Amino acid sequence: MNTYSSIRGMLVIASLFVLAIGLLVSQQLLTASDTQVPDEREEVVFWHFWGGADRAIVEDVARRFNESQNDYFVRPIAMPGNNLDLKFFLSVTGGDPPDLLNIDDPVIADWGHRGAILALDEVATPDEVERLEAWLFPAARRLVTYQDRLYGVPNGLDIRALYVNKTMLARYGLSPPKTIADLDHIAETIAPPGQPAAFQHHGYLPDSRRIWAWGPVFGGQFYDSSDDHVTLTTPEIEAALKWMVSYRDRYGPSEIARFRHGDQSLPGKTFPLFAERYAIVMDGQWRVRDIRAFQKSQADRREEVAQFDAIPLPMPPGGKPNAGWVNGNNFVIPQGANASRGAWEFIKFWCGFDGQEASAAHTCVAGGWIPVSQHVVDEPSFQEFLAEEPLFRTFIELAGSENQYPVPVIPGAPYFNNEIKNLAESAMSSSTEPDLPQMLKEAETRIQSHIDRARNEQ
Amino acid sequence: MRHQADTSGSAETASRESRRRWRSWFTAAGFAGPWLLGLLALFIYPFVVSLYWSFCQYDLINPPRFAGLDNYEQLASEFATGTGIAHALWNTSYYALISVPLSIVLGVGLATLLSCDIRGQSIFRTLFYLPSVIPVVAASILWMWLLNPADGLVNSVLGSLGLWQPQWFASPAELVSPDSFTEAAWANNSAPIGSKDALILMSLWGMGNFMVIYLAAIGDIPKSLYEAARIDGAGPIRRFINITLPLLTPIIFFNLVMGLIQSVQAFTQIYIVSEGRGAPADSTLVISLHLFLSAFQHLNMGYASAVAWLLFVLLGIATWFLFTTSRRWVYEGVR
């Protein structure tokens, strides 16, 4: 009995010893030298949402910045998944926010209005802010400007264009569309309405979420900042919605819903254009990489290599050229950040402002991201990339356009964003004929009321 | 002397008794203390504070600012125009009022069948209970695949049988709605069944929890009652209606109240299938999601608190109503 007790005791002591050693080793590993802040340098904690291959690029940018620095040390922390906003707010409320945050929701004005983030003029010098404004693309400037102040800097733009499967169009004797009428013709040729069986292919189907893009194309604006009013009932916005709803009239709401959901069952995140489900799809610049990979796999399999193009959104008569919806990933500096100046230095390094264009061009090429300034685009390394990727050139031209608009940068923008998507979704999926003017009028009143309340808070 | 000894003895006994009482009190406090602290910090404090916040404008960043009845006036105006909370309440009611009774009917039916003495009874019981142990997130994603209108398993089966194929989570249509009976609603080989109906289907899949309680209750019914009824010539249906069902009413009542509360508070599965925003077209914007979006997306914690209190009051009224009416239909035995 005594022997058993002593053995048991020794085993407990040995287990505790192993546990202590394990804790020491893991602590050493977790605070390995590459993440340790060097002496006399200020740490900049950077929260971002990038994962997968993009995360490695982000860490590479941070490494290059840290190597170039004597004053600051950026520690990137990946926070993938939903609710980054919520985590951020809890950190601000708890008094321990990061020094730099990367977001992609239309929250700049909302957060700036409430004092959750700093305006850039609170961190940078007036001269820097003035030069930055002139340096950015108009679309990039619009994304972060609230009440004539910059509240962040986009680190990349997301631009939408139409991707065209030229091989599929050629099979039907069609060319890429230049006007809305061309687009409708393509849709009706590839998927003639009234077909008894379920459709296997569509020429094009508008996505209700993309009314944000089609509104400006039809010459409309969702918000008039001169008198702070929602402007949904303008003829242009109504015309854009009416055109989108015409596809519901043509194919029926059930067919549109069924076909769109069918895209989700494609293996992995296959672009539906590859499966020839559509001849034309609206999407962002990140698909260029997918197209190249797809064409390479076709070539490897010795199949006919499909040809694709990326074109600006076609206009109706009286519409705006090179128009659409822009969003982006924005750097913001939280209120209460300990190293706001270090965060600003990292922002400049990443975006290429103040003579760091070459480094930013390198970052954009690595990630397949759209620069926020023509100065970065003009860099030789980026020009070389464009020469290799002609499809990307369309997106760069659109990024420089004056007619790319984000969700209005105003308090209450997330609500505005949701309501507009719901409006188009309701109209396009209605089983009875939707009364568009009435729907727009009701939504306008509802959104205006929410925005007025949000503006009057604090 | 004897009297003195008695006095000092009783004083000693009293002191020992007092010490024992204190010790047991400290022991009880030691065990209950952590829980009581948790109750105070995590339930009572937020409960009281949320009532105060419901009269404030509060965005998490800045201190709450007293705004009187502003949030409640906003709720009233939304009820008047049928937007916001009114819309969310309609969606919640639709979901709760169909899913709870259906889960009770199916739960009782299943439990009755599974209480029959048949081969493989335990396997069937396990199979029907199994969905309840699958995490909500995994189950939600699974159902999104199953109900994919284009090539989900459910629509494939319906299609192969030549039946209508609903659009499920892709459509804001409602089965229980005046629009359902129009010809247009049934056109294009589809049915006016939409996202809320799909949510109800999902909720029924996890009714194993309730079924187990019914099974236990059925097992508790004295066999002698069935034997007596059988001798009197009562058939299986008569026995079910006159014996099983009345004796199950306390459990049905319990499940009714719990099911109502659970369905009104349902969030995770709805958040997942609705893209976190009540898609499509706000058709799955239930009160819990409306509350979440108001608080953490629109940063309107005061309004969200008012919604939470409205939900609390509505649930209270509904539960009170159920308790009041239960006297008429719940069998509580001979008193």
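For clarity, every value in this text was computed on a predicted model and none was experimentally measured.

K.L.:
Can you help me understand the overall build of chain B in this one?
P.N.:
Of the regular secondary structure elements, chain B holds 13 helices and two strands. In terms of C-alpha radius of gyration, chain B reaches 27 Å, well past the compact-globule figure of 20 Å for 335 residues. By principal-axis analysis of the C-alpha atoms, chain B measures approximately 105 × 75 × 35 Å. The buried share among the 335 residues of chain B stands at 41%. Taking the intrachain contacts of chain B between residues at least 6 apart in sequence as the baseline, contacts between residues at least 24 apart amount to 64%.

K.L.:
Looking at this structure, I do not really get the packing of aromatic side chains. What am I missing?
P.N.:
How two aromatic rings sit relative to each other is set out by the distance from centre to centre and by the angle between their planes. All names here are of chain A. Counted under the stated rule, the structure contains 56 aromatic pairs over all chains. An aromatic cluster of at least three residues, connected via ring pairs, comprises Phe46, Phe49, Trp50, Phe65, Phe331, Phe346, Phe349, Trp350 and Trp369. Arg277 extends its terminal NZ or CZ atom over the ring of Phe259, reaching a point 4.1 Å from the ring centre.

K.L.:
Honestly, the nonpolar core in this entry has me stumped. Any pointers?
P.N.:
Generally speaking, a soluble globular protein has its nonpolar side chains buried in company with each other. Core analysis: the largest hydrophobic core is formed by 154 residues, its most contacted members being Trp111, Leu157, Trp214, Trp344, Trp350 and Phe416 of chain A. Among the nonpolar cores identified, the runner-up in size contains 32 residues, and Val108, Phe253, Val264 and Leu311 of chain B belong to it.

K.L.:
Please clarify how the interface of chain A and chain B should be interpreted in this entry.
P.N.:
Interfaces are often sized by the amount of accessible area the parts lose when they come together. The interface of chain A with chain B comprises 37 residues on the first partner and 32 residues on the second. Between chain A and chain B the total buried area reaches about 3,100 Å² when both faces are included, carbon and sulfur atoms providing 53% of it. One can count two salt bridges joining chain A with chain B. One salt bridge in this structure joins Arg277 of chain B and Glu425 of chain A, with 3.1 Å as the shortest N-O distance. Between the two partners, chain A and chain B, sit twelve residue pairs in polar contact (both at pLDDT 80 or more).

K.L.:
Help me understand the domain arrangement of chain A, please; the structure alone is not making it clear to me.
P.N.:
All names here are of chain A. Looking at chain A, the domain boundaries give domain 1 (42-158 + 326-395) and domain 2 (159-324 + 407-456). Between domain 1 and domain 2, the C-alpha centre-to-centre distance is 28 Å. Taken together, the contact between domain 1 and domain 2 spans 26 residues of the former and 28 residues of the latter. Taken together, both faces of the contact between domain 1 and domain 2 bury some 2,100 Å²; the carbon and sulfur share is 62%. Area buried by domain 1 at its contact with domain 2 is led by Pro106, Leu391 and Phe395, which between them contribute 33% of it. Scanning the region where domain 1 abuts domain 2 turns up two salt bridges. Scanning the region where domain 1 abuts domain 2 turns up eight residue pairs in polar contact (both at pLDDT 80 or more). Elements with a contribution of two residues or more to the side of domain 1 that touches domain 2: helix H4 (108-114), helix H6 (138-144), strand S4 (145-146), strand S6 (153-165), strand S11 (324-332), helix H14 (357-367) and helix H17 (390-399).

K.L.:
Which parts of the structure should I look at to understand the packing of H14 of chain A against helix H16 (residues 380-388) of chain A?
P.N.:
Packed helices, taken two at a time, are described by the angle between their axes plus the distance between the axes. All names here are of chain A. Relative orientation of the contacting elements H14 and H16 amounts to 25°, with a least axis distance of 8 Å. With respect to H16, the element H14 is oriented roughly parallel. Of H16, the residues touching H14 (which contributes Ala358, Ala361, His362, Cys364 and Val365) are Ser381, Phe382 and Phe385.

K.L.:
Can you walk me through the UniProt feature "transmembrane region" (unreviewed entry) in chain B in this structure?
P.N.:
Residue and element names in this part refer to chain B. Per the UniProt annotation, the sites labelled "transmembrane region" (unreviewed entry) are residues 25-45, 94-114, 126-146, 198-219, 240-261 and 301-323. Taken end to end, residues 126-146 has its terminal C-alpha atoms 22 Å apart, with 71% of it in helix and 0% in strand. Helix makes up 91% of residues 198-219 and strand makes up 0%, while its end C-alpha atoms are separated by 33 Å.

K.L.:
When you look at empty space enclosed by the protein in this model, what are you seeing that I'm missing?
P.N.:
Where empty space is left can be seen by rolling a probe of water-molecule size over the atoms. Using the criterion set out here, one finds one cavity of 30 Å³ or more in the structure. Here the residues of the lining of the largest cavity sort into one nonpolar, three polar and three charged.

K.L.:
Can you walk me through the environment of Val92 of chain A in this structure?
P.N.:
Mapping Val92 of chain A onto the fold places it in helix H3 (residues 84-93). Accessibility expressed as a relative area gives 15% for Val92 of chain A, which makes it buried. C-alpha separation for the pair Val92 of chain A and Val18 of chain A, spaced 74 residues apart in sequence, amounts to 39 Å. Ignoring sequence-local partners within four residues, the contact set of Val92 of chain A consists of Pro97 of chain A together with Ile61 of chain B.

K.L.:
Please clarify how the pattern of salt bridges should be interpreted in this entry.
P.N.:
Pairing between side chains becomes possible if they bear opposite charge and their charged atoms approach one another. On inspection of all chains with the given rule, the structure shows 37 salt bridges over all chains. The salt bridge partner of Arg114 of chain A is Asp59 of chain B, with a shortest N-O separation of 3.3 Å. Taken as a pair, Arg114 of chain A in helix H4 and Asp59 of chain B in the loop between strand S1 (56-57) and strand S2 (65-66) lie in two separate chains rather than in one. Of the two residues examined, Arg114 of chain A and Asp59 of chain B, each falls in the buried class. Between Lys348 of chain A and Asp354 of chain A there is a salt bridge, and its shortest N-O distance comes to 3.5 Å. Residue classification places Lys348 of chain A among the buried residues on the basis of a relative accessible area of 6%. Among the charged side chains, a salt-bridge network with shared partners connects Asp127, Glu128, Arg131, Arg341, Glu345, Lys348 and Asp354 of chain A.

K.L.:
I would appreciate a short explanation of the domain arrangement of chain B in the present structure.
P.N.:
Residues and elements named next belong to chain B. If you check the domain split of chain B, you get domain 1 (6-57) and domain 2 (72-327). Each of domain 1 and domain 2 has a C-alpha centre, and the two are 40 Å apart. In this assembly, seven residues from domain 1 lie in contact with seven residues from domain 2. For the pair domain 1 and domain 2, the summed buried area comes to about 630 Å², and 72% of that belongs to carbon and sulfur atoms. Considering only the surface of domain 1 that becomes buried against domain 2, Phe47, Trp53 and Ser54 emerge as the three largest contributors, covering 60% of it. In this structure, the connection of domain 1 to domain 2 is made through zero salt bridges. Our count for the domain 1 to domain 2 interface comes out at two residue pairs in polar contact (both at pLDDT 80 or more). No other element matches the four residues that helix H1 (residues 2-53) contributes to the side of domain 1 that touches domain 2. When the residues that make up the side of domain 1 that touches domain 2 are grouped by side-chain class, the tally is five nonpolar, two polar and no charged.

K.L.:
I would appreciate a short explanation of the side chain of Gln298 of chain A in the present structure.
P.N.:
Residues and elements named next belong to chain A. Its location among the elements puts Gln298 in helix H12 (residues 287-300). You can call Gln298 buried: its relative accessible area is 7%. One polar contact links the side chain of Gln298 to the main-chain amide nitrogen of Ala306, over a distance of 2.8 Å.

K.L.:
I would appreciate a short explanation of H16 of chain A in the present structure.
P.N.:
Since one α-helical turn is 3.6 residues long, residues separated by three or four positions face the same way. All names here are of chain A. Of the positions making up H16, those classed as buried are Phe382, Phe385 and Leu386. In an axial view of H16, the angular spread of the buried residues amounts to 100°, which keeps them on one side of the axis. Structural note: H16 exposes Pro380, Glu384, Ala387 and Glu388 on the side pointing more than 90 degrees away from its buried face. Here the buried face of H16 lies against H14, helix H15 (374-377) and H17.

What counts and what doesn't
Residues numbered from 1 in each chain as written. Chains lettered and ligands numbered in written order. Predicted model: local features only at pLDDT ≥ 70, side-chain atom pairs only at ≥ 80, totals over all residues. Heavy atoms only, no water. Helix = DSSP H or I, 4+ residues; strand = E, 2+ residues; numbered from the N terminus. Rg over C-alpha atoms; globule rule 2.2 N^0.38 Å. Buried < 20%, exposed > 50% of the residue type's maximum accessible area, 1.4 Å probe, protein only. Contact = heavy atoms within 4.5 Å. Phe/Tyr/Trp six-rings, centres within 6.5 Å; stacked < 30°, edge-to-face > 60°. Lys NZ or Arg CZ within 6 Å of the ring centre and 35° of its normal. Core = buried A, V, L, I, M, F, W, Y, C linked by side-chain atoms within 4.5 Å. Buried area = accessible area lost by both parts, 1.4 Å probe. Salt bridge = Lys/Arg side-chain N within 4 Å of Asp/Glu carboxyl O. Polar contact = N/O pair within 3.5 Å; in protein donor to acceptor, adjacent residues only side chain to side chain. Domains from an automatic or database assignment. Axes fitted to C-alpha atoms, helices over the stretch in contact; angles between N-to-C directions. Parallel < 35°, antiparallel > 145°, perpendicular 65-115°, else oblique. UniProt positions renumbered as here; feature names shortened; annotations may be inferred. 1 Å grid on protein atoms, 1.4 Å probe; cavity = no way out; pocket = protein on both sides within 12 Å on 5 of 7 lines; lining within 4 Å. Points joined across faces, edges and corners; volume = space filled by probe spheres on them. Nonpolar A, V, L, I, M, F, W, Y, C, P; charged D, E, K, R; others polar. Arc of directions from axis to C-beta.

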